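# Structural features, examined
So the chains spell out like this:
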Amino acid sequence: MQQFIEIYGFLSVLLRGAISAAQSLGAGGVGFLLLVLPGLGAAGAPIAAGVRTIIFWSALALVAFVALDAAALSLMLIETLELDAASAMTADAVKADALALAPALLLAAASRTRARGALVLAAAALLAARLGTTHAVSRIESPPWLALAEFAHLTGAALWIGGIPYFLLALARCDDEARAIVGRRFSRVSMAGAALVLGGGLAMSGVYIGSLEAFYGLAYGVMVGAKGALLAGLLALGACNYVAVRRLGRAGHGPAAAPLRRGGDRPRPHGDIGGGVALLAAASRGPAAGPR
């Protein structure tokens, strides 16, 4: 039985990491579509089509990951607590997983249309549904504003980390002038996202940890420290890409646009993607570690 629980714990961390990545990718695509691409005209059409395709498949992947997570949790409850299937499927944690299914399906459907309002609604509902699996909602003594801090944290991760693949897509599909515009706009969006991640994280850490002793003495504090180190690395990479984007913008408005065709002069946020996935995976360990 102990081995079964350990296997479930490992599987749960993997699934929650996959859920966080798919959620950020889907919601981040909506942010990129609405905040970065408007105004590009004909140059933005092929990019928007690619963005909508990625949103669609990330939403479907999220449905699959959530269903697997709910099934694994139900099986664990049946085996460990000897519950019947109906009782296990009505457990609060299973229902919290199920809440994300409808917004994910709505996001997949909305990505196949031009209804931007439906995209925003689906993305917001998706992030709100994931609040049910966080400590901000599950802890009885949590202050009401903590849920807002968690929502800001999730939104920032989607705008920043979830938007990077779409930024790479845009760099590959648009001309030099449009590339410079996309670079400037995504730079602003990613900085706003990083601010939301950092602000929400600091607010939650003050409640969940509360003291220096708890920071290094609890598993949750160690996990937050690891996330902080990863975040610092991502911010450093982001600063390097910000400099590259500024050069991209200056070159995109004059005769110096030709160097943009050289790969070495373009922003290279590939490392941000790897670091972002690692950060999301570390965040998925949070519910398992648990604050004090």
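What this report covers is the structure whose coordinates are included nearby. This one's a predicted model, so the numbers in the text were calculated from it and none came from an experiment.

### Some thoughts on the overall build of the protein chain
When its secondary structure is counted, the protein chain shows 14 helices and zero strands. For the protein chain, the N- to C-terminal ordering of α and β elements is α-α-α-α-α-α-α-α-α-α-α-α-α-α. Split into buried and exposed, the 292 residues of the protein chain put 46% on the buried side. Counting contacts in the protein chain only where the partners sit at least 6 residues apart, residues at least 24 apart contribute 77% of the total. About 13,600 Å² of surface is accessible on the protein chain, with carbon and sulfur atoms providing 69% of the total.

### Looking at the packing of aromatic side chains
What the rule picks out here adds up to four aromatic pairs. Ring centres 5.2 Å apart and planes at 80 degrees place the aromatic pair Phe 56 and Trp 57 in the edge-to-face group. The class of Trp 57 is exposed, set by a relative accessible area of 52%. Taking the centre distance of 4.8 Å and the plane angle of 20 degrees together, the rings of Phe 167 and Phe 186 count as stacked. Of this pair, Phe 167 sits in helix H9 (residues 164-173) while Phe 186 sits in helix H10 (residues 176-208); the two residues are 19 residues apart in sequence, bridging distant segments of the chain. Its relative accessible area of 6% is what places Phe 186 among the buried residues. Every member of this aromatic cluster is reached through a ring pair, and the members are Phe 32, Tyr 166, Phe 167 and Phe 186. Sitting over the face of the ring of Phe 56, Arg 112 holds its NZ or CZ atom 4.1 Å from the ring centroid.

### Some thoughts on the nonpolar core
Within the largest apolar cluster, 51 residues are counted, with the highest numbers of intra-cluster contacts made by Phe 32, Leu 37, Ile 47, Val 51, Leu 107 and Trp 160. Setting aside its immediate chain neighbours within four residues, Val 51 contacts Gly 29, Phe 32, Leu 33, Leu 37, Tyr 166 and Leu 169.

### As for H10
In this model, H10 (33 residues) spans 46 Å end to end at C-alpha, consistent with the 48 Å of a helix rising 1.5 Å per residue. Two residues or fewer past H10, Gly 210 is found with a positive phi of approximately 80 degrees.

### Re the packing of helix H2 (residues 45-81) against helix H5 (residues 101-110)
Viewed as axis vectors pointing N to C, H2 and H5 meet at an angle of 160 degrees, and their least axial separation amounts to 8 Å. Put simply, H2 runs roughly antiparallel to H5. Our pair here, H2 against H5, has a crossing hand that is left-handed. Listed contacts from H5 to Arg 52, Ile 55, Phe 56, Ala 59, Leu 60, Leu 62, Val 63 and Val 66 of H2 are Leu 101, Ala 104, Leu 105, Leu 107, Ala 108 and Ala 110. Across the contact of H2 with H5, the residue classes break down as 13 nonpolar, no polar and one charged.

Reading guide: rules and limits
Residues numbered from 1 in each chain as written. Predicted model: local features only at pLDDT ≥ 70, side-chain atom pairs only at ≥ 80, totals over all residues. Heavy atoms only, no water. Helix = DSSP H or I, 4+ residues; strand = E, 2+ residues; numbered from the N terminus. Buried < 20%, exposed > 50% of the residue type's maximum accessible area, 1.4 Å probe, protein only. Contact = heavy atoms within 4.5 Å. Areas by Shrake-Rupley, 256 points an atom, 1.4 Å probe, with all protein chains shown as cover. Phe/Tyr/Trp six-rings, centres within 6.5 Å; stacked < 30°, edge-to-face > 60°. Lys NZ or Arg CZ within 6 Å of the ring centre and 35° of its normal. Core = buried A, V, L, I, M, F, W, Y, C linked by side-chain atoms within 4.5 Å. Expected span 1.5 Å × (residues − 1). Axes fitted to C-alpha atoms, helices over the stretch in contact; angles between N-to-C directions. Parallel < 35°, antiparallel > 145°, perpendicular 65-115°, else oblique. Left-handed = near helix turned anticlockwise from the far one by under 90°. Nonpolar A, V, L, I, M, F, W, Y, C, P; charged D, E, K, R; others polar.

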